[in-house]
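Take a look at the letters that make up each chain.
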Amino acid sequence: MQLHFSPSMRSITISSGGGGGSNGGFIDLMKIKVAARHISYRTFFHTILILAFLLPFVFILTAVVTLEGVNNCSSLDCLGRRIGPRLLGRGVDSGERLVREFRKIIDEVKDEEIPDGLKIPDSYSQLVSDMNTYRYDARTFAFLLRGMMEKFERDIRESKLAELMNKHFAACAIPKGLHCLSLRLTDEYSSNAHARKQLPSPELLPILSNNSYHHFVLSTDNILAASVVVSSTISASPNPEKLVFHVITDKKTYAGMHSWFALNPASPSILEVKGLHQFDWLTRENVPVLEAVESHFGIRNYYHGNHLAGANLSDVTPRVFASKLQSRSPKYISLLNHIRIYLPELFPNLDKIVFLDDDVVVQRDLSPLWDIDLGGKVNGAVETCKGEDDWVMSKRFHNYFNFSHPLIAKNLDPDECAWAYGMNVFDLRAWRNTNIRETYHTWVKENLKSNLTMWKLGTLPPALIAFKGHVHPIDPSWHLLGLGYQSKTSIEDVSKAAVIHYNGQSKPWLEIGFEHLRPFWTKHVNYTNDFVRNCHILDS
């Protein structure tokens, strides 16, 4: 590096020595021109100080450029472009460059076919072993990685679908203990006169149609579940002597159900057990559609046949698959599940009742339900469209109906709010002045004619149509749903609800029930009962 003063002292030039270039091997780095008139010693001194400060930096930068073989730069601009990023800490290291190049390769192979003959490893350790053995390049490695991810995704999805199918079978099956209980109680009915005693006793029969009492109707073939509903309702009531229970069951379960409540009285409440065969009104003429539903081969095959036949599992998500399985539960073609549509005819002397499903537990006094003014409506129910969860409390008509069907699209609003079965207040007097039953029959017939293309899921869809305009919303605190769907149900919410509903597959009497929610149900089971103990129905 050299410092040159012009003979006239009017300029100072700083230059760096280089190769033998056209400029004699020098590169002008800096030229300072001094005013033409004169230069004072003070100005000259300050100039020297500035140069003394700048020269070390210029020397360092020049050395870096020279070492990198870029000494052909002929200007400070070139030098700045070369050195600037390093001074600012923006140098690109080899690791970052490698990541960028590999990202580019991954992006290129994502839509390409995986080469034939390329063996996809089954595990990470096998991947490492193959990489060491075959020395795959980055592109082949990207194909291997993609193949492994796709394979694992398929395996997880298939496992999830298999889990849902097994859960569906578990939910539809009758647990061994409950089957044992029904058989033993049926045998007891035939051999024990006490198990056959009249329910209720003859002097209490007038109470069955006395509207000053609070009447509950329960339709079920599950003896243990019925006992929990009755027991919990009585426990929650301050005046159990004012309660009357009407338990409806099918013919095969009638003897066992009667035995249970004859040997385990619901006193001080009043209780009757009636089989479907004991209702004179339930004839083929009055229930033609439901007779067809239970006897039609195509319908029975849909609910009882191979649930995988014709199913395209490659396109269906696990959640949609779960919903489809739920809609094919055999209970949906049982007359017990449709019986609620005939309540005004089955109980012609009653004015108002509360209908309870067999998978509920009552935790609070329900007598205030009889004081609710339904405003001339028929059905007091909790609406299910105003919650935040996806499974239970965010349901509108589009969740239940196929709006691509012209009849559905023409007559229904997809955004109309749905409501829940499970705990309903029915004004039977108002009901008798409507055509709800006829509407229900008409739409069930239409769905049968359309080969179940209008809706799939059970008895609620036709009820949503039949009760359209006849529903009075009640406070959601009366009825908490989803305990058979959602394991994350808040324990605090469960504790506060008047009625908790284990709707869904995970019933509390099944092994697939949610452990932390089961105690709300099991605390009402009499595990000291001999029949319960002998059938090994144990408190879990």
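Along each chain, numbering runs from 1 in the same order as the chain's sequence is written. For this predicted model, a pLDDT threshold of at least 70 governs which residues receive local features, and a threshold of 80 or more governs which side-chain atom pairs are given and counted, while totals over whole chains, interfaces and linings are taken from all residues. Each side-chain value is derived from all of the structure's non-hydrogen atoms; neither hydrogens nor water enter the calculation.

Taking an unreviewed UniProt entry as the reference, the protein chain is identified by name as Hexosyltransferase belonging to Kalanchoe fedtschenkoi. UniProt positions are given in the numbering used here, feature names are shortened, and annotations may be inferred rather than shown by experiment. Taken directly from UniProt, the Subcellular location (unreviewed entry) text for the protein chain runs: "Golgi apparatus membrane". Quoted verbatim from the Pathway (unreviewed entry) heading of the UniProt record, the comment on the protein chain is "Glycan metabolism; pectin biosynthesis."

Caption draft 1: The arrangement of the packing of helix 6 (residues 176–191) against helix 8 (residues 251–263) in detail. Lines fitted to the C-alpha atoms define the axes, with helices restricted to the stretch that makes contact. Angles between their N-to-C directions range from 0 to 180 degrees. The secondary structure listing takes helices from DSSP runs of H or I that are at least 4 residues long and strands from runs of E that are at least 2 residues long, numbered from the N terminus. Orientation of helix 6 relative to helix 8, taken along the N-to-C sense of each, is 75°, at an axis distance of 7 Å. In this view, helix 6 runs roughly perpendicular relative to helix 8, as classed from their interaxial angle. Within the contact between the two elements, helix 6 uses Leu181, Ser182, Leu185, Thr186, Glu188 and Tyr189 and helix 8 uses Tyr254, Ala255, Gly256, His258, Ser259, Trp260 and Leu263. Orientation categories follow fixed angle ranges, with anything under 35 degrees roughly parallel, anything over 145 roughly antiparallel, 65 to 115 roughly perpendicular, and all other angles oblique. Only heavy atoms matter for contacts: two residues are in contact if any of them lie within 4.5 Å across the pair.

Caption draft 2: Geometry of the confidence of the model for the protein chain. Looking at the protein chain as a whole, its pLDDT mean stands at 82, while 73% of the residues score no less than 70. Throughout residues 18–26 the model reports pLDDT below 50, and contacts reaching past four residues in sequence, or to other chains, amount to nine contacts. pLDDT: the predictor's confidence for each residue, scored from 0 to 100.

Caption draft 3: Summary view of the pattern of salt bridges. A pair is scored as a salt bridge if a Lys or Arg side-chain nitrogen falls within 4 Å of a carboxyl oxygen belonging to Asp or Glu. Inspection of every chain in the model, using the stated rule, returns 19 salt bridges. Glu108 is paired through a salt bridge with Arg139; the nearest N and O atoms lie 3.5 Å apart. One end of the pair, Glu108, is in helix 3 (residues 94–109); the other, Arg139, is in helix 5 (residues 138–172), with 31 residues separating them in the sequence. Between buried and exposed lies partly exposed: a residue is buried under 20% and exposed over 50% of the maximum accessible area for its type, with that area taken using a 1.4 Å probe on protein chains only. Residue Arg139 is classed as partly exposed on the basis of its relative accessible area, which comes to 32%. Note that Lys151 and Asp122 form a salt bridge whose closest N and O atoms lie 3.6 Å from each other. Taken together, the positions of Lys151 in helix 5 and Asp122 in the loop between helix 3 and helix 4 (124–134) put the pair 29 residues apart, joining distant regions of the chain. Taken together, the shared-partner salt bridges connect Glu108, Glu112 and Arg139 into one network.

Caption draft 4: Here's a closer look at the nonpolar core. Here, nonpolar core refers to any group of buried Ala, Val, Leu, Ile, Met, Phe, Trp, Tyr and Cys residues whose side-chain atoms link them within 4.5 Å. Core analysis: the biggest nonpolar cluster contains 64 residues, and Leu181, Phe261 and Leu271 have the highest contact counts within it. In terms of residues, this core owes the most to one element, helix 7 (residues 223–236), which gives nine residues. Here Phe261 is in contact with Leu199, Ala226, Ser227, Val230, Leu271 and Val273, once residues within four sequence places are set aside. Core analysis: the next-biggest nonpolar cluster, separate from the first, contains 44 residues, Leu336, Leu412, Ala430 and Val444 among them.

Caption draft 5: Highlighting unusual backbone geometry. The step from Leu199 to Pro200 runs through a cis peptide bond, and the omega angle for that step is -15°. Among the structural elements, Pro200 can be located in the loop between helix 6 and strand 4 (214–219).

Caption draft 6: Main features of the state of the cysteines. By convention in this document, the label disulfide applies to cysteine sulfur atom pairs within 2.5 Å. According to the stated counting rule, one finds two disulfides in the structure shown. With its sulfur 2.1 Å from that of its partner, Cys180 forms a disulfide with Cys535. Judged by the torsion about the S-S bond (-75°), the Cys180/Cys535 disulfide is left-handed. Pair noted here: Cys180 is in helix 6 and Cys535 is in the segment after helix 20 (530–534), with a separation of 355 residues, a long-range link. Note on cysteine connectivity: Cys385 is disulfide-linked to Cys417, with sulfurs 2.0 Å apart. Because the torsion about its S-S bond is -100°, the bridge between Cys385 and Cys417 counts as left-handed. With a gap of 32 residues between them, Cys385 in the loop between strand 9 (379–381) and helix 14 (406–411) and Cys417 in the loop between helix 14 and strand 10 (423–427) connect regions that are remote in the sequence. A residue is classified by how much of its surface remains accessible, and Cys385, at 11% relative accessible area, is buried.

Caption draft 7: Looking closely at the sheet that holds strand 5 (residues 243–249). Two strands qualify as a pair provided that DSSP identifies no fewer than 2 bridges between them. Pairing within the open sheet is mixed, and its seven strands lie in the order 6-5-4-7-10-9-11. Bordering the open sheet on either side are strand 6 (270–275) and strand 11 (471–473), each of which pairs with just one other strand. Adjacent strand axes in the sheet meet at a mean angle of 25°, parallel and antiparallel pairs treated alike. Bridge count for strand 4 against strand 5 is six bridges, and the pairing is parallel. By the bridge assignment, Val217 is partnered in strand 5 with His246. Packing against the sheet, helix 8 makes contact with strand 5 and strand 6, and its axis sits at approximately 160° to strand 6.

Caption draft 8: Up close: the side chain of Thr489. Turning to its location among the elements, Thr489 is positioned in the loop between strand 12 (479–480) and helix 18 (491–496). Apart from residues lying up to four places away in sequence, Thr489 is in contact with Leu480, Gly482, Leu483, Val494, His516 and Leu517.

Caption draft 9: Looking closely at a nonpolar patch on the surface. A cluster of nonpolar residues, Ile106, Leu145 and Met149, forms a patch on the protein surface that exposes about 240 Å² of accessible area. Residue position: Ile106 is located in helix 3. For Ile106, a relative accessible area of 35% translates into the label partly exposed. For patch building, the residue pool is restricted to those with more than 30% relative accessible area and no salt bridge; the joining distance is 9 Å between like charges and 5 Å between nonpolar side chains (Val, Leu, Ile, Met, Phe, Trp, Tyr). Per-residue accessibility takes into account occlusion by the displayed protein chains alone, with areas from the Shrake-Rupley method and a 1.4 Å probe.

Caption draft 10: Expanded view of the pairing of strand 5. The buried fraction of strand 5 is high, at seven of seven residues. Burial along strand 5 is two-sided: the face carrying Leu243, Phe245, Val247 and Thr249 and the face carrying Val244, His246 and Ile248 are both buried. When the strands point away from the viewer and the path from the first strand over the helix to the second turns clockwise, the crossover is right-handed. Handedness of the crossover is the feature at issue here: the chain leaves strand 4, passes through helix 7, returns alongside strand 5, and the resulting connection is right-handed. Sheet topology note: the strand 5/strand 6 ladder contains six bridges and is parallel. Bridge assignment links Ile248 to a residue of strand 6, and that residue is Lys274. In this fold, strand 5 hands off to helix 8, which returns the chain to strand 6; that crossover is right-handed.

Caption draft 11: Main features of the packing of aromatic side chains. Whether two aromatic rings pair depends on their centres lying within 6.5 Å, for rings of Phe, Tyr and Trp, where Trp uses its six-membered ring; planes under 30 degrees apart make the pair stacked, over 60 edge-to-face, and the rest tilted. Applying the stated criterion across every chain yields a total of 15 aromatic pairs. A centroid spacing of 5.5 Å and a plane angle of 50° characterise the contact between Phe397 and Phe401, whose relative ring orientation is tilted. For Phe397, a relative accessible area of 1% translates into the label buried. By the ring-pair criterion, three or more aromatic residues cluster together here, those being Trp419, Tyr421, Phe426, Trp431 and Phe467. Our definition puts a charge over a ring when NZ of Lys or CZ of Arg is within 6 Å of the ring centre and also within 35 degrees of the ring normal. Lying over the aromatic face of Phe279, Lys274 brings its terminal NZ or CZ to 4.4 Å of the ring centre.

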